[in-house]
Amino acid sequence: MKDKSHLDSEQRLAVLQPEQTLRRIGLKEGDVLCDIGAGTGVFTVPAAKMTTNTIYALDVDQEMLDIIAGKAAKEKMTNIELLKVTEDDTGIARGSLDIALMSTVLHHIDDQPKYLQKVRDMLKPNGTVAIIEFHKRETEKGPSLDRKIASENLAELLGMIRFNVTEIFDLGPDLYCIVAKKNG
Ligand SMILES: C[S@@+](CC[C@H](N)C(=O)[O-])C[C@H]1O[C@@H](n2cnc3c(N)ncnc32)[C@H](O)[C@@H]1O
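The sections below set out a description of the structure shown in this document. (Residues numbered from 1 in each chain as written. Predicted model: local features only at pLDDT ≥ 70, side-chain atom pairs only at ≥ 80, totals over all residues. Heavy atoms only, no water.)

The subject of this paragraph is the sheet that holds strand 6 (residues 163-171). Across the sheet, seven strands lie side by side as 3-2-1-4-5-7-6; this open sheet has mixed pairing. Each edge of the sheet is formed by a strand with only one pairing partner; in this case those strands are strand 3 (80-84) and strand 6. Strand after strand, the sheet turns through a mean of 15° between neighbouring axes, direction not considered. Where strand 5 (residues 123-134) and strand 7 (residues 175-182) come together, seven bridges link them in antiparallel fashion. Bridge pairing links E133 to Y176 in strand 7. Contacting strand 2 (55-59) and strand 3, helix 4 (residues 62-74) runs over the sheet at an angle of about 165° to strand 3. (Pairing = 2+ DSSP bridges. Helix = DSSP H or I, 4+ residues; strand = E, 2+ residues; numbered from the N terminus. Axes fitted to C-alpha atoms, helices over the stretch in contact; angles between N-to-C directions. Contact = heavy atoms within 4.5 Å.)

Position of T40 among the secondary structure elements: in the loop between strand 1 (33-36) and helix 3 (44-50). A relative accessible area of 2% places T40 in the buried class. A polar atom in the side chain of T40 sits 3.0 Å from the side chain of D8. Look past the residues within four positions of T40 in its chain and what remains in contact with it is K4, L7, D8, M64, I67, I68 and K71. (Buried < 20%, exposed > 50% of the residue type's maximum accessible area, 1.4 Å probe, protein only. Polar contact = N/O pair within 3.5 Å; in protein donor to acceptor, adjacent residues only side chain to side chain.)

Close contacts around the ligand come from 17 residues, with R12, G37, D59, S103 and T104 the closest. For the ligand, a nitrogen atom lies 2.7 Å from a polar atom in the backbone of G37. Interatomic distance of 2.6 Å between a side-chain N/O atom of D59 and an oxygen atom of the ligand. Look at the ligand: alone it shows 610 Å² of surface, and the protein chains cover 89% of it. Per-class residue counts for the shell around the ligand are eight nonpolar, five polar and four charged. (Near = heavy atom within 4 Å. Areas by Shrake-Rupley, 256 points an atom, 1.4 Å probe, with all protein chains shown as cover. Nonpolar A, V, L, I, M, F, W, Y, C, P; charged D, E, K, R; others polar.)

Printed below as a string of structure tokens:
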């Protein structure tokens, strides 16, 4: 089994500030959020405490989903839905989400324009996508430089597939979060 403990490290949580970041991207009571590439549930679990509606946690790795299931059971949470997915099949119905979150996941995706179009389809009209990625520069941690996505390139791509970028903010020195609304 690969070591997944770094995802939950105190240092990483201090940078991501999950609750504060979820509030900043607009999560509120009643919303349906999908945590795409949820990992160990760093965002899934706090999100499920901020809305009584469904939080979908998607991952290609069953071990990750099992970790989230364990956390949800421990906290007696009943509004988390776990889905094992592939890049081609997310299992989420069209027009069903208020917010789609991808935290340090997009750089794993091969066909990013096609995938983001699919994310767009999953959102309700006026739905929000929030993407956390590494700045495209050498960093101690994170993917290789060639896998990193510059924030300006991502903003341009989102514009091309009819999202309006509303905010870009930093999370610590290495990460940024880009927030965009489905346009039309
Ligand atoms: C670096 S981890 C981030 C986990 C979590 N979002 C966080 O920020 O703590 C990336 C996760 O994305 C998952 N992943 C990679 N490709 C994926 C895909 N096409 N669909 C869903 N999950 C994917 C991996 O299995 C892994 O759990």
